[in-house]
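Residue-level listing of the chains:
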Amino acid sequence: QQQVKQSPQSLIVQKGGIPIINCAYENTAFDYFPWYQQFPGKGPALLIAIRPDVSEKKEGRFTISFNKSAKQFSLHIMDSQPGDSATYFCAACPPLGRLYFGRGTQLTVWP
Amino acid sequence: SQTIHQWPATLVQPVGSPLSLECTVEGTSNPNLYWYRQAAGRGLQLLFYSVGIGQISSEVPQNLSASRPQDRQFILSSKKLLLSDSGFYLCAWNFRRGHYGYTFGSGTRLTVV
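What counts, and where the lines are drawn
- Per-chain numbering applies: the sequence of each chain, read as written, is numbered from 1 onward.
- Written order decides the labels, with chains lettered from A and ligands numbered from 1.
- Note on the predicted model: pLDDT of at least 70 is required for a residue's local features to be given, and 80 or more for side-chain atom pairs to be given and counted; whole-chain, interface and lining totals, by contrast, use all residues.
- Where side-chain values are given, they derive from all heavy atoms of the structure, hydrogens and water being excluded.
- By definition, any uninterrupted DSSP run of H or I lasting at least four residues is a helix, any uninterrupted run of E lasting at least two residues is a strand, and each is numbered from the N terminus.
- The quantity called the radius of gyration is restricted to C-alpha atoms. Its globule counterpart is 2.2 Å times the number of residues to the power 0.38.
- Throughout, a residue-residue contact means that at least one pair of heavy atoms, one from each residue, lies within 4.5 Å.
- Neither His nor the chain ends contribute to the count of charged residues, in which Lys and Arg are positive and Asp and Glu negative.
- Here the site of a charge means NZ on Lys, CZ on Arg, CG on Asp, or CD on Glu.
- With a 1.4 Å probe rolled over the protein chains alone, any residue whose accessible area is under 20% of its type maximum counts as buried; one over 50% counts as exposed, and the rest are partly exposed.
- Should DSSP find at least two bridges between two strands, the strands are taken to pair.
- Orientation is described by lines fitted to C-alpha atoms, with helices fitted over the stretch in contact, and by angles between N-to-C directions that extend from 0 to 180 degrees.

Chemist: I keep staring at the overall build of chain B and nothing clicks. Help me out?
Modeler: Each helix and strand in chain B was counted, giving zero helices and eleven strands. The order of α-helices and β-strands along chain B, N terminus first, is β-β-β-β-β-β-β-β-β-β-β. The C-alpha radius of gyration of chain B comes to 13 Å, within 12% of the 13 Å expected for a compact globule of 113 residues. On the principal axes, the C-alpha backbone points of chain B span a range of 40 × 25 × 20 Å. Looking at chain B alone, contacts between residues at least 24 apart form 56% of all its contacts between residues at least 6 apart. Both charge centroids of chain B, one from 9 positive and one from 5 negative side chains, sit 5 Å from each other.

Written out as structure tokens, the structure is:
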């Protein structure tokens, strides 16, 4: 059973566009929600994370929106650049538990 | 600061040969350690995780095993590789306490031929 459901599987946008990646979860015990960015041939790297006591967190061009009642969270990339082309994973974990990852979204930003 | 080392970066092994991938973490004590596999263009599959020396939990029964002989060392092994064992293997760690995201190693690209 997939603990965290991520969509879309792939996404293509033009430079300057705002790609949005969505994730949903069922386990209300989850209280930490990170996003990871992975470039080809590299390990995933932590991009940004949020806790359920806030509805939005912004770091540079990356923003997480969190909807606790809907059990959904999303990643927005403002003014996307070709260098943002990568695979993005959402994840969630309960207190003192392990991370459950979504299946990933392959983002391509065309110049 | 903490660092994670994973080697080798690439490996080509014949079917039926043994495997040993090593991962070490520096700059922290008592980390949680994880082994993931990623098939081409696919997601992250958790293989094993460890919360302490000698403590290994397996997520997926398969041709692989893991060991943690020292606090900051995590080893992934196989006695006889299968073609289906090909993939990108990632080691990761996080703090035992607190909600810190995982830090991944640079990965090992394994091709079984």
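Chemist: I tried to follow the pairing of strand E8 (residues 73-78) of chain B on my own but got confused; where do I start?
Modeler: Two faces belong to every sheet, and in a regular strand the side chains alternate between them. Residue and element names in this part refer to chain B. In terms of residue burial, E8 counts as a mostly covered element, since six of its six residues are buried. Of the two faces of E8, the one holding Gln73, Ile75 and Ser77 and the one holding Phe74, Leu76 and Ser78 are both buried throughout. By the bridge criterion, six bridges tie strand E3 (residues 19-26) to E8 in an arrangement that is antiparallel. Bridging across to E8, glutamate 22 finds its partner in isoleucine 75. Note that strand E7 (residues 65-70) and E8 share four bridges and pair antiparallel. Across the sheet, the residue bridging to serine 67 is isoleucine 75, located in E8. From the end of E7 to the start of E8, which pair antiparallel, there are two residues.

Chemist: Help me understand the environment of Phe101(A), please; the structure alone is not making it clear to me.
Modeler: As for its placement among the helices and strands, Phe101(A) is situated in strand E10 (residues 100-101). Sequence separation between Phe101(A) and Pro34(A) is 67 residues; the distance between their C-alpha atoms is 9.3 Å.

Chemist: Can you walk me through the side chain of Ser80(A) in this structure?
Modeler: Residue and element names in this part refer to chain A. Along the chain, serine 80 falls in the loop between strand E8 (72-77) and strand E9 (86-92). By relative accessible area, serine 80 is classed as buried at 0%. Setting aside its immediate chain neighbours within four residues, serine 80 contacts Val13, Gln14, Lys15, Gly16, Gly17, Pro19, Arg61 and Val109.

Chemist: Where do I start with the sheet that holds E7(B) in this structure?
Modeler: Hydrogen bonds between backbone atoms are what pair the strands of a sheet, whose relative direction is either parallel or antiparallel. All names here are of chain B. Read across the open sheet, the four strands follow the order E1-E3-E8-E7; overall the sheet is antiparallel. One side of each edge strand has no neighbouring strand; the edge strands of this open sheet are strand E1 (3-7) and E7. Looking at each pair of strands side by side, their axes are set apart by 20° on average, direction ignored. Where E1 and E3 come together, five bridges link them in antiparallel fashion. Directly across from tryptophan 7, in E3, lies its bridge partner glutamate 22.

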